[in-house]
Amino acid sequence: MRIDAPYGTKVKFTHPTYGWPGDIKQAERYLKLGQIYTVLRTVIYDSSTTVYLEEIPRIGFNSVQFDEV
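Residues numbered from 1 in each chain as written. Predicted model: local features only at pLDDT ≥ 70, side-chain atom pairs only at ≥ 80, totals over all residues. Heavy atoms only, no water.

Caption draft 1: Up close: the overall build of the protein chain. Counting its secondary structure elements, the protein chain contains 1 helix and 5 strands. Shown N-terminal to C-terminal, the secondary structure of the protein chain runs as helices and strands in the order β-α-β-β-β-β. For the protein chain, the spread of C-alpha atoms along the principal axes amounts to about 30 × 25 × 20 Å. When each of the 69 residues of the protein chain is scored for burial, the buried share is 32%. Sequence-distant contacts, at least 24 apart, represent 57% of the contacts inside the protein chain between residues at least 6 apart. Total accessible area computed for the protein chain in this model is approximately 4400 Å², and 52% of it derives from carbon and sulfur atoms. Each charge class in the protein chain can be summarised by its mean position, and for the 8 positive and 8 negative side chains these summaries are 8 Å apart. (Helix = DSSP H or I, 4+ residues; strand = E, 2+ residues; numbered from the N terminus. Buried < 20%, exposed > 50% of the residue type's maximum accessible area, 1.4 Å probe, protein only. Contact = heavy atoms within 4.5 Å. Areas by Shrake-Rupley, 256 points an atom, 1.4 Å probe, with all protein chains shown as cover. Lys, Arg positive; Asp, Glu negative; His and termini not counted. Charge placed at Lys NZ, Arg CZ, Asp CG, Glu CD.)

This is the structure:
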C-alpha cells in the first residue's frame, strides 16, 4: 500500500510475515488474512509507516503487511 494512503482507502491484509516480530504478532492477534480493511489514517516515520484501520481504530499496524485493493 502507499504510505500516504488517504482516509477511506481499501487495503487487504496479505503479508502476515512482513515487518518486525512485534508487527507480526500484533497482526496475528487482530487481523484476518485476506480480509479487506479501511484506512483511517497513516503515520509516516523515518523507517516505517503505521496504518490505523476504521475497523480497529486504536491499534496501529505496519503498512508493509497490506496491499491496496
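Caption draft 2: Up close: the pairing of strand 1 (residues 10-13). Judged by which residues are buried, strand 1 turns out to be one-sided: Val11 and Phe13 face inward and are buried, whereas Lys10 and Lys12, on the alternate face, are not. Pairing geometry for strand 1 and strand 2 (residues 36-44), over 3 bridges, is antiparallel. Considered in strand 2, the bridge of valine 11 is made with tyrosine 37. (Pairing = 2+ DSSP bridges.)

Caption draft 3: Quick look at the packing of aromatic side chains. All chains considered together, the criterion is met by 3 aromatic pairs. Feature note: the residues Phe13, Tyr30, Phe61 and Phe66 constitute an aromatic cluster, connected by ring pairs. Looking at arginine 41, its charged tip hangs above the ring of tyrosine 52, at a distance of 4.1 Å from the centre. (Phe/Tyr/Trp six-rings, centres within 6.5 Å; stacked < 30°, edge-to-face > 60°. Lys NZ or Arg CZ within 6 Å of the ring centre and 35° of its normal.)

Caption draft 4: Fine view of the nonpolar core. Among the nonpolar cores identified, the biggest contains 13 residues, and Leu31, Tyr37, Leu53, Phe61 and Phe66 are the most heavily contacted of them. If you list the elements that add at least two residues to this core, you get strand 1, strand 2, strand 3 (49-53) and strand 4 (56-62). In terms of residues, this core owes the most to one element, strand 4, which gives 3 residues. Among residues more than four places away in sequence, those in contact with phenylalanine 66 are Met1, Val11, Lys12, Phe13, Thr14, His15, Leu31, Tyr37, Val51, Leu53 and Phe61. (Core = buried A, V, L, I, M, F, W, Y, C linked by side-chain atoms within 4.5 Å.)

Caption draft 5: Focus on the pattern of salt bridges. All told, the structure shown has 1 salt bridge when counted by the stated rule. Arginine 2 serves as the salt-bridge partner of glutamate 68, at 2.7 Å between the closest nitrogen and oxygen. Pair noted here: glutamate 68 is in strand 5 (residues 66-68) and arginine 2 is in the segment before strand 1, with a separation of 66 residues, a long-range link. Its relative accessible area of 41% is what places arginine 2 among the partly exposed residues. (Salt bridge = Lys/Arg side-chain N within 4 Å of Asp/Glu carboxyl O.)

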